[in-house]
Amino acid sequence: MASSGFSWTLPDHPKLPKGKTVAVVVLDGWGEANADKYNCIHVAQTPVMDSLKNGAPERWTLVKAHGTAVGLPSDDDMGNSEVGHNALGAGRIFAQGAKLVDQALASGKIYDGEGFNYIKESFDKNTLHLIGLLSDGGVHSRLDQVQLLLKGASERGAKRIRVHILTDGRDVLDGSSVGFVETLENDLSQLREKGIDARIASGGGRMYVTMDRYENDWDVVKRGWDAQVLGEAPYKFKNAVEAVKTLRAETKANDQYLPPFVIVDESDKSVGPVVDGDAVVTFNFRADRMVMLAKALEYADFDKFDRVRVPKIRETVKFGHVTFFWNGNRSGYFDETKEEYIEIQSDVGITFNVKPNMKALEIAEKARTAILSGKFDQVRVNLPNGDMVGHTGDIEATVVACKAADEAVKIILDAIEQVGGIYLVTADHGNAEDMVKRNKSGQPLLDKNGQIQILTSHTLQPVPVAIGGPGLHPGVKFRSDIQTPGLANVAATVMNFHGYEAPADYEPTLIEVVDN
Ligand SMILES: O=C(O)[C@@H](CO)OP(=O)(O)O
Ligand SMILES: [Mn+2]
Ligand SMILES: [Mn+2]
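Definitions and cut-offs
Residues numbered from 1 in each chain as written. Chains lettered and ligands numbered in written order. Predicted model: local features only at pLDDT ≥ 70, side-chain atom pairs only at ≥ 80, totals over all residues. Heavy atoms only, no water. UniProt positions renumbered as here; feature names shortened; annotations may be inferred. Helix = DSSP H or I, 4+ residues; strand = E, 2+ residues; numbered from the N terminus. Rg over C-alpha atoms; globule rule 2.2 N^0.38 Å. Lys, Arg positive; Asp, Glu negative; His and termini not counted. Charge placed at Lys NZ, Arg CZ, Asp CG, Glu CD. Salt bridge = Lys/Arg side-chain N within 4 Å of Asp/Glu carboxyl O. Buried < 20%, exposed > 50% of the residue type's maximum accessible area, 1.4 Å probe, protein only. pLDDT = per-residue confidence, 0-100. Donors = N, O, S within 2.8 Å, 3.2 Å for Na, K, Ca; no water. Tetrahedral: all angles 85-135°; square planar, octahedral: opposite > 155°, others 65-115°. Domains from an automatic or database assignment. Contact = heavy atoms within 4.5 Å. Buried area = accessible area lost by both parts, 1.4 Å probe. Polar contact = N/O pair within 3.5 Å; in protein donor to acceptor, adjacent residues only side chain to side chain.

An unreviewed UniProt entry annotates the protein chain as phosphoglycerate mutase (2,3-diphosphoglycerate-independent) of Leersia perrieri. UniProt annotates the protein chain under Catalytic activity (unreviewed entry) with the comment "(2R)-2-phosphoglycerate = (2R)-3-phosphoglycerate". You can read under Subunit (unreviewed entry) in the UniProt record for the protein chain the words "Monomer."

Q: Teacher, can you tell me more about the overall build of the protein chain here?
A: A count of helical and extended segments in the protein chain gives 15 helices and 14 strands. On C-alpha atoms alone, the protein chain measures out to a radius of gyration of 24 Å, which is about the 24 Å that the 2.2 N^0.38 rule sets for 516 residues. With respect to the principal axes defined by its C-alpha atoms, the protein chain has extents near 80 × 65 × 45 Å. Here the protein chain contributes 57 positively and 72 negatively charged side chains, and the mean placements of these two sets differ by 2 Å.

Q: I'm lost on the pattern of salt bridges in this one. Help?
A: Two side chains of opposite charge can pair, provided their charged atoms sit close to one another. Applying the stated criterion to the full structure yields 32 salt bridges. A salt bridge links Lys338 to Asp335; its shortest N-O distance comes to 3.1 Å. Judged by its relative accessible area of 64%, Lys338 is exposed. Look at Asp335 and you get partly exposed, because its relative accessible area is 26%. Among the salt bridges present, the one from Asp347 reaches Lys359, with a minimum N-O distance of 3.5 Å. Placement of the pair is Asp347 in the loop between α11 (321-325) and α12 (360-373) and Lys359 in the loop between α11 and α12, with a sequence separation of twelve residues. Judged by relative accessible area, Asp347 falls into the buried class, the value being 15%. Overlapping salt bridges bring together Asp36, Asp434 and Arg438 as one network.

Q: Can you walk me through the confidence of the model for the protein chain in this structure?
A: Any segment with low pLDDT has predicted coordinates that should not be analysed in fine detail. Here the protein chain shows a mean pLDDT of 95. Residues at 70 or above account for 98%. The ipTM, which scores confidence in the relative placement of chains, is 0.98 for this predicted complex, and the corresponding pTM is 0.95.

Q: How should the coordination of the manganese ion (ligand 3) be read in this particular structure?
A: Coordination of the manganese ion (ligand 3) by the protein is provided by Asp387 (OD), Asp387 (OD), His391 (NE2) and His458 (NE2), with metal-donor distances spanning 2.1 to 2.5 Å. Considering all six donor atoms around the manganese ion (ligand 3), angles at the metal cover 56 to 169° and the coordination shape is irregular. Each donor residue of the manganese ion (ligand 3) lies on the same chain, and together they follow the pattern D-x3-H-x66-H. A spacing of 4.4 Å is found between the manganese ion (ligand 3) and the manganese ion (ligand 2).

Q: What is the right way to read the domain arrangement of the protein chain from this model?
A: Interfaces are frequently sized by the accessible area removed from exposure as the parts join. Domain assignment breaks the protein chain into domain 1 (22-93 + 322-513) and domain 2 (123-312). Each of domain 1 and domain 2 has a C-alpha centre, and these two points are 33 Å apart. Listed as interface residues are 22 residues of domain 1 and, on the opposing side, 17 residues of domain 2. Interface area, domain 1 with domain 2, both sides summed: about 1,600 Å², of which 51% is carbon and sulfur. The tally of links between domain 1 and domain 2 comes to zero salt bridges. Counting across the interface, domain 1 meets domain 2 through five residue pairs in polar contact (both at pLDDT 80 or more). Those elements that place two or more of their residues in the side of domain 1 that touches domain 2 are α3 (81-90) and α11.

So, in structure tokens, the structure goes:
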């Protein structure tokens, strides 16, 4: 051991044994909220999760999964998969991308960094392109940061700026894209008054254009490439507000799925393709839905689609859930001899309300096999249904999704029962438990046609943590002395289940062992 006293070896837990198989199940988008008809988890038949809650009150609790508890700037920020899984994995609370970028913009440090200095070299003769999600959702990006970046870049010499927008409707209300585009247009026209040639150049809905992830569907990225880089798209408009309004009305697509469009000049030429010498900056602080675009921009031997033309550019990207996010946004294995990652391919080319069961059963069966194999101390599973279907805003489908997730939990808990193991079931943030936008007193909000406003986004709700299994010491129960437990308290808890104490700087464990 080094003289600092640091050691990678964890102290033994004084009371809990080693050698139990531990299943950690993360229900995506599964929060706790009042029971009403917009709470899909309540409406769905979920006997397994219900029995965990009602059958063992000392082994079921709620933890915070949003805001400062997961390293976000404020408690008005909803949770999300990145920050939730980061907290679960890290066992501590670290400032997340949203906050780090806020800090770097406020201090001006962002403009001193290597990235900015690198792209700055193109300001004199070339165009600065900004690509990202245009909303104030705070999950992937925030409009106010884009506004500051536009201001900062133009004050520091950018003379020609093109913004390539991706409309949201997933972290914010559907239809809100129009307002965000209007705000951006207003800012850009103010820049133009100062002599800076700043315009929106292209756009499209985030789920249909550019923001795919984990290499699920490269066509999504290709559609974006064609519009952003080549300046080609099936729809051409003179102005972006008109584009978004017209496409919503004529194609009936929602903000998430707007088709790609480009903005053209009087002679019908795209105003902002990316050409040699330009600089490209993505303004999403969250990386998962930007890395595919980054690969297309960056890789010399790229073979996922025909890029047609590969501009020589200056590019900077500022920045798998239970693997990549859990491991602090680190991809790949820590130690291949000790870990195995199993990925089940999602359905491609459909919205998830069409098949709300998704691959829950297949995931649970793989988990069961892993648990029964006896090869692993810990089996960690993410069940996406509540979240992915919740994002579609389809209430009926989300109810089906919750039932499917519950059935998957049963398969995993049965396997744990069989091997005498321990389970911990939790969620990374809320979604399916509330599908309606509400006023401050909790009443559903209506739109101008008297319809309820569907909430496609995550929520601010707490999430459950349920523990149990035949391997769990009978004296284990949740402590009552932790003031505001959050997802970051889970890691120490899981270490205890493996027979160890967590390192001293971890958020405290949720459990105690009482002698009975
Ligand atoms: O789909 C996503 O990218 C986000 C919502 O923007 O959801 P999650 O954090 O659950 O991945
Ligand atoms: Mn999630
Ligand atoms: Mn989500």
